[in-house]
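# Structural features, examined
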Amino acid sequence: MSRFVALGTVAVLSFGAAASALNFNPTQDNRQTYAGTVVFDDPPDMVNDSPGSPFSEFDSAISAGSLYDGFFADAFAAQFSQVGSMYIQGNGFVDAQIGLSFDTWQTSDFDNHLGPPTMNSDGVSAGSQSILEILFSIDMDAHYDLTGFIGAGIGLAQGTIEYGSQQSASVVLFDIDNGFAIVDESVTDSDQDVSTSGHLSPGNYRFTVAAEAEVFGVANEADADGGGGGLPDNIYSASAGFEGINLTLSGRDQPIPEPVTTTLAGLGLGALALQTSRRRRA
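Structural notes, computed from the coordinates. None of the values given here were measured: they were computed from a predicted structure. (Residues numbered from 1 in each chain as written. Predicted model: local features only at pLDDT ≥ 70, side-chain atom pairs only at ≥ 80, totals over all residues. Heavy atoms only, no water.)

## Describing the pattern of salt bridges
As a reminder, the rule being used: A pairing counts as a salt bridge when a side-chain nitrogen of Lys or Arg comes within 4 Å of a carboxyl oxygen of Asp or Glu. Buried means the residue's accessible area, taken with a 1.4 Å probe over protein chains only, is under 20% of the maximum for its type, while exposed means over 50%, and partly exposed covers the values in between.
Taken as a whole and judged by the stated rule, the model has one salt bridge. For Asp29, the salt bridge goes to Arg31, with nearest N and O atoms at 2.7 Å. The pair Asp29 / Arg31 is uniform in exposure class, with both members buried.

Structural data, given as structure tokens:
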């Protein structure tokens, strides 16, 4: 009998393990960093970076800078992120700064996409982005935990400066199959802890963490010739970042289907009856 009981126990344990084995499958890696600057009609300085191979560790720190006749624009972007067997985690930071003398500020066309901001030939602009985006699929019900910190704001506004920046940090967990955001948190001029958990059904998902900053100014001809006063009286900067972002998945326990449970129980009872019959004959 002990042999039958052992076999039944192994079958139960094996089936239970198979039922709770979550498959986390990263399908697309869109992680990037970008930094770009333009001073008047000089050629822009643009730098971007991405992982050496999909889903590998990404450790990036890039910068761009432009200088013309006493006006400058600097941009910096960094990210460290990892994709593990059941998690996605990372830190990212961006900063953009300009210094110049001018009469009028205007905000550029900022479209929330990677690439250089729209520039004016008589303007000065700096922009940077750090994007952690992974698409993935799961094959069974899962539990998720999401923690971290996001923040964004104006870093420095010195001189006769009017508002001329856009900065943001955001975290989005999006259900691709059903077309809605499960988590959608963002800030533009504050900071926020992120701490949430919940349930994911089998399917396809997009996890995006983004930090973006852009500052933009327009100078008149007198300023471009150096007649406006110059540095360091006029400086404008903005920054954004995410820290300790961690999305962790775990499989939800699945009950053994009733037909299998009944079959295993029948095997055990059959083994017990067989042993009892043998004892009576003895």
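## Observations concerning the environment of Ser128
Put simply, the rule is: In this description a helix means any DSSP run of H or I spanning at least four residues, a strand means any run of E spanning at least two, and both kinds are numbered starting from the N terminus. In what follows, residue pairs with any heavy atoms lying within 4.5 Å of each other are defined as contacts. Between N or O atoms, a polar contact is any pair within 3.5 Å; within protein, one atom must be a potential hydrogen donor and the other a potential acceptor, and residues adjacent in sequence are included only when both atoms are from side chains.
Within the element layout of this structure, Ser128 appears in strand β7 (residues 123–138). Residue Ser128 is classed as buried on the basis of its relative accessible area of 1%. For Ser128 and Ala77, which are 51 residues apart along the polypeptide, the C-alpha to C-alpha distance reads 5.8 Å. Among all residues touching Ser128, those that are not within four sequence positions of it are Tyr34, Ala35, Ala75, Phe76, Ala77, Val94, Asp95, Ala96, Ala211, Glu212 and Ala213. In this structure the side chain of Ser128 is engaged in a polar contact, spanning 3.3 Å, whose partner is the backbone oxygen of Phe76.

## Side note on the packing of aromatic side chains
Rule in force here: Stacked, tilted and edge-to-face are the three classes applied to pairs of Phe, Tyr and Trp rings, where Trp contributes its six-membered ring and a pair requires centres within 6.5 Å; stacked means planes under 30 degrees apart, edge-to-face means over 60, and tilted covers the rest.
Counted under the stated rule, the structure contains five aromatic pairs. Centroid distance Phe136 to Tyr205: 5.6 Å. Interplanar angle 25 degrees. Geometry classified as stacked. Here the residue Phe136 occupies a position in strand β7, and Tyr205 occupies one in strand β12 (residues 203–218), the gap between them amounting to 69 residues. Both residues of the pair, Phe136 and Tyr205, count as buried. A network of ring pairs unites the aromatic residues Phe24, Phe136 and Tyr205 as a single cluster.

## Observations concerning the nonpolar core
When a protein is soluble and globular, its nonpolar side chains tend to lie buried together. For the record, the criterion: Here, nonpolar core refers to any group of buried Ala, Val, Leu, Ile, Met, Phe, Trp, Tyr and Cys residues whose side-chain atoms link them within 4.5 Å.
Counting residues in each nonpolar core, the largest one holds 48 residues, and the members touching the most others are Ile88, Phe136, Ile138, Leu146, Leu173 and Phe207. Per-element accounting of this core gives the leading share, seven residues, to strand β13 (residues 235–251). When near neighbours in sequence (up to four residues on either side) are disregarded, Ile88 contacts Phe24, Gln82, Val83, Leu132, Ile134, Phe136, Phe207, Ile245, Asn246 and Leu247.

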